[in-house]
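So the chains spell out like this:
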Amino acid sequence: MEFFRYTRTFNFMGKSKAAMIFSIIIVLASYALLMTKGLNYGVDFAGGTIVQVKYDTPAPIDDMREKLKSNKLFDGASITEFGAVDEVVIRMKSTTGSVTVDIGDITREALKSTGNFEIRRVDIVGPKVGSELKEKGIMSLVLAIIGILIYVAFRFEWRFAVASIVALIHDVSIALGAITLIGLDVNLDVLAALLTILGYSLNDTIIVFDRIREGVTDSKNTDLTDIINESVTRTLARTTLTSLTTFFVVFTLFMFGGEIIHAFAFTLLVGVVVGTYSSIFVASPILLWFGFDVKGYHVKLAAKAKREAEKQRMRDQYESGVM
């Protein structure tokens, strides 16, 4: 990483106000989308049935719709291509309500005159189970954020903890806004992607905070703005390489991984970009706005070192038999 070390310090904090205004606009736009359009909950959370069908030839979607109209079970069902013209997904908000009824056999019988095909997948989730999954999913996000708050506050200081949580909420909010804008189904795979974003963004933020803490501890400069600029610049090469590598891997999954992981990969793509941005332009400036006192931090470190030295002196006296 020495080869990629920058020879000058970039003034990131000089752009922080403009960056924060931009972030606030994007976050507010995301919340506006969530309130007006709302999340499109998939079968995992809303309940319903999904039947995946693969044909030997391009799927006759119009003919399929006509055949399914004759069965009330398929009322309101949507039929869409699933990654290729010969493969489709039938989505229904209803379920059979009986374990003795095979929805796959019913679909096979209804579509038997539309060509040669096979039923590849049948997913059924009851509304009660879907509601429970949604509640547990939200709870997992909340518990993850609370755990991160406690961890960062213990490892650094409460200002660092609040800054990291604000950055994480920023990242998740924008990711949810992007999902809403595109209209992706929110299922367990999207929830997994959101939790991955929390971990990825936190890791990036912690590395920046480690450098800031080192700068505050070792530098004779008491100007926090200069310390943050220097610390972020020192981590910039690592952040750039890590983010680009992750982005290209996830982009490959998005392009060639198939429809089954499309929503997961898209959510991660947004998260990688936003998480990298927030660790520099969201988390770090908040330390400035919260009035982190470098001189006061030095006083605390000196007092802590004095206490440790006194404890060590008492241990040495005890071991030598002199009290």
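For every chain, the first residue of the written sequence is number 1, and numbering continues from 1 onward in sequence order. The model is predicted, so local features are restricted to residues of pLDDT at least 70 and side-chain atom pairs to those at 80 or more, both for listing and for counting; the totals for chains, interfaces and linings are taken over all residues. Side-chain descriptors were evaluated using all non-hydrogen atoms of the structure, hydrogens and water having been removed beforehand.

Some words on the overall build of the chain
Move 1: Strands are runs of DSSP state E lasting at least two residues, helices are runs of H or I lasting at least four, and both sets are numbered from the N terminus onward. Per the secondary structure count, the chain includes 11 helices and six strands.
Move 2: With a 1.4 Å probe rolled over the protein chains alone, any residue whose accessible area is under 20% of its type maximum counts as buried; one over 50% counts as exposed, and the rest are partly exposed. By the burial criterion, 41% of the 323 residues in the chain qualify as buried.
Move 3: Computed with a 1.4 Å probe, the accessible areas rest on the Shrake-Rupley method; for each residue, only the protein chains presented here act as cover. If you sum the accessible surface of the chain, you get close to 17900 Å²; carbon and sulfur atoms cover 62% of it.

Some thoughts on the environment of Val172
Move 1: Mapped onto the fold, Val172 is located in helix α6 (residues 158-182).
Move 2: Exposure remark for Val172: the relative accessible area of 12% places this residue in the buried category.
Move 3: Here a residue-residue contact requires only that any non-hydrogen atoms of the pair lie within 4.5 Å. Leaving out residues up to four positions away in the same chain, Val172 has contacts with Leu194 and Leu198.

Quick look at the packing of aromatic side chains
Move 1: Stacked, tilted and edge-to-face pairs are distinguished by plane angle, under 30 degrees for stacked and over 60 for edge-to-face with tilted covering the rest, among Phe, Tyr and Trp rings (Trp via its six-membered ring) whose centres lie within 6.5 Å. With the rule as written, the count across this model stands at eight aromatic pairs.
Move 2: Pairing Phe22 with Tyr277 gives two aromatic rings, centres 6.3 Å apart and planes at 80 degrees, and the pair type is edge-to-face. Taken together, the positions of Phe22 in helix α1 (residues 16-36) and Tyr277 in helix α9 (residues 262-281) put the pair 255 residues apart, joining distant regions of the chain.
Move 3: Accessibility expressed as a relative area gives 48% for Phe22, which makes it partly exposed.
Move 4: Of the aromatic side chains, those joined through ring pairs into one cluster are Phe12, Phe22, Tyr277 and Phe281.

Examining the nonpolar core
Move 1: Only buried residues count toward a nonpolar core. Its members are Ala, Val, Leu, Ile, Met, Phe, Trp, Tyr and Cys residues joined through side-chain atoms within 4.5 Å. Residues Phe12, Val152, Leu194, Phe209 and Ile212 are the most contacted members of the largest nonpolar core, which totals 57 residues.
Move 2: Residue assignment for this core shows that the elements contributing at least two residues are α1, α5 (127-155), α6, α7 (188-218), α8 (224-256), α9 and α10 (283-289).
Move 3: Apart from residues lying up to four places away in sequence, Val152 is in contact with Glu157, Phe160, Ala161, Ser164, Leu202 and Ile206.
Move 4: In this structure, Val51, Val88, Ala110 and Ile119 belong to the second largest nonpolar core, which totals 18 residues.

Remarks on the packing of α7 against α8
Move 1: Orientation is described by axes fitted as lines to C-alpha atoms, over the contacting stretch for helices, and by angles from 0 to 180 degrees between their N-to-C directions. In contact at an axis separation of 8 Å, α7 and α8 are set at 150 degrees when each is read in the N-to-C sense. Crossing geometry of α7 relative to α8 is assigned as right-handed. Where α7 abuts α8, its residues Tyr200, Asn203, Asp204, Ile207, Val208, Arg211, Ile212, Glu214, Gly215 and Val216 lie against Leu224, Ile227, Ile228, Ser231, Val232, Arg234, Thr235, Arg238, Thr239, Thr242, Ser243 and Thr246.
Move 2: Across the contact of α7 with α8, the residue classes tally to nine nonpolar, eight polar and five charged. Handedness of each helix crossing follows the sense of rotation of the near helix against the far helix: counterclockwise by less than a right angle gives left-handed, clockwise gives right-handed. Polarity classes work like this: nonpolar for Ala, Val, Leu, Ile, Met, Phe, Trp, Tyr, Cys and Pro, charged for Asp, Glu, Lys and Arg, and polar for all others, with Gly in that last group.

Some points on the sheet that holds strand β4 (residues 87-92)
Move 1: When DSSP locates at least two bridges between a pair of strands, those strands are taken to pair. Strands sit in the order β3-β4-β2-β5 across an open sheet of four strands; the sheet is antiparallel. Each edge of the open sheet carries a strand with a single partner, namely β3 (78-84) and β5 (117-125). Here the average twist between neighbouring strands, direction ignored, is 20 degrees.
Move 2: Where strand β2 (residues 48-55) and β4 come together, six bridges link them in antiparallel fashion. Within β4, the position partnered with Lys54 by the bridge is Glu87.
Move 3: Each of β2, β3 and β4 touches helix α3 (residues 61-68); the most contacted strand, β3, lies at about 145 degrees to it.

Points about the pairing of β2
Move 1: In terms of burial, β2 is a largely internal element, seven of the eight residues being buried.
Move 2: Inspection of the sheet shows β2 paired to β5 by eight bridges, in the antiparallel sense. Bridge pairing in β5 places Ile50 opposite Asp123.

Topic: the layout of surface pockets
Move 1: Cavities and pockets were defined on a 1 Å grid built from protein atoms only: a cavity is a group of points that admits a 1.4 Å probe but offers it no way out, a pocket is an open group of points flanked by protein on both sides within 12 Å along at least five of seven lines, and a lining residue is one with an atom within 4 Å of any such point. Grid points are joined across faces, edges and corners, and a volume is the space filled by probe spheres set on the points. Volume-wise, the largest pocket comes out at about 490 Å³.
Move 2: Lining of the largest pocket is provided by 20 residues; of these, Phe82, Arg91, Asp185, Asn187 and Glu259 occupy positions nearest its centre.
Move 3: Looking at the lining of the largest pocket, the elements with two or more residues in it are α2 (43-46), β3, β4, β5, α7 and α9.
Move 4: Its residues assigned to classes, the lining of the largest pocket shows nine nonpolar, three polar and eight charged.

Regarding a positive patch on the surface
Move 1: Note that patches include only residues with greater than 30% relative accessible area and no salt bridge, and the join distances are 9 Å for like charges and 5 Å for nonpolar side chains (Val, Leu, Ile, Met, Phe, Trp, Tyr). Here, a salt bridge means any side-chain nitrogen of Lys or Arg that lies within 4 Å of a carboxyl oxygen of Asp or Glu. Note that His is not counted, nor are the chain ends; the positive residues are Lys and Arg, and the negative ones are Asp and Glu. Positions of charges follow a simple convention, taking NZ of Lys, CZ of Arg, CG of Asp or CD of Glu. Taken together, the side chains of Lys304, Arg307, Lys311 and Arg315 make up a positively charged region of the molecular surface.
Move 2: For Lys311, the position within the fold is in helix α11 (residues 294-320).

Here we look at the environment of Gly215
Move 1: Inspection of the secondary structure assignment puts Gly215 in helix α7.
Move 2: Placed 12 residues apart in sequence, Gly215 and Ile227 show a C-alpha to C-alpha distance of 5.8 Å.

Some details on helix α4 (residues 103-110)
Move 1: Ile103, Gly104, Thr107 and Ala110 are the residues of α4 that are buried. Down the axis of α4, the buried set is contained in an arc of 130 degrees. They therefore lie on one face.
Move 2: The inward-facing, buried residues of α4 abut β2, α3, β4 and β5. Along the arc lie the directions from the helix axis toward the C-beta atoms.

A look at α9
Move 1: The span one expects for a helix is its residue count, reduced by one, times 1.5 Å. With 20 residues, α9 extends 29 Å from end C-alpha to end C-alpha; this agrees with the ideal 28 Å at 1.5 Å per step.
Move 2: Counted residue by residue, α9 has 16 buried out of 20 residues, so it is predominantly covered.

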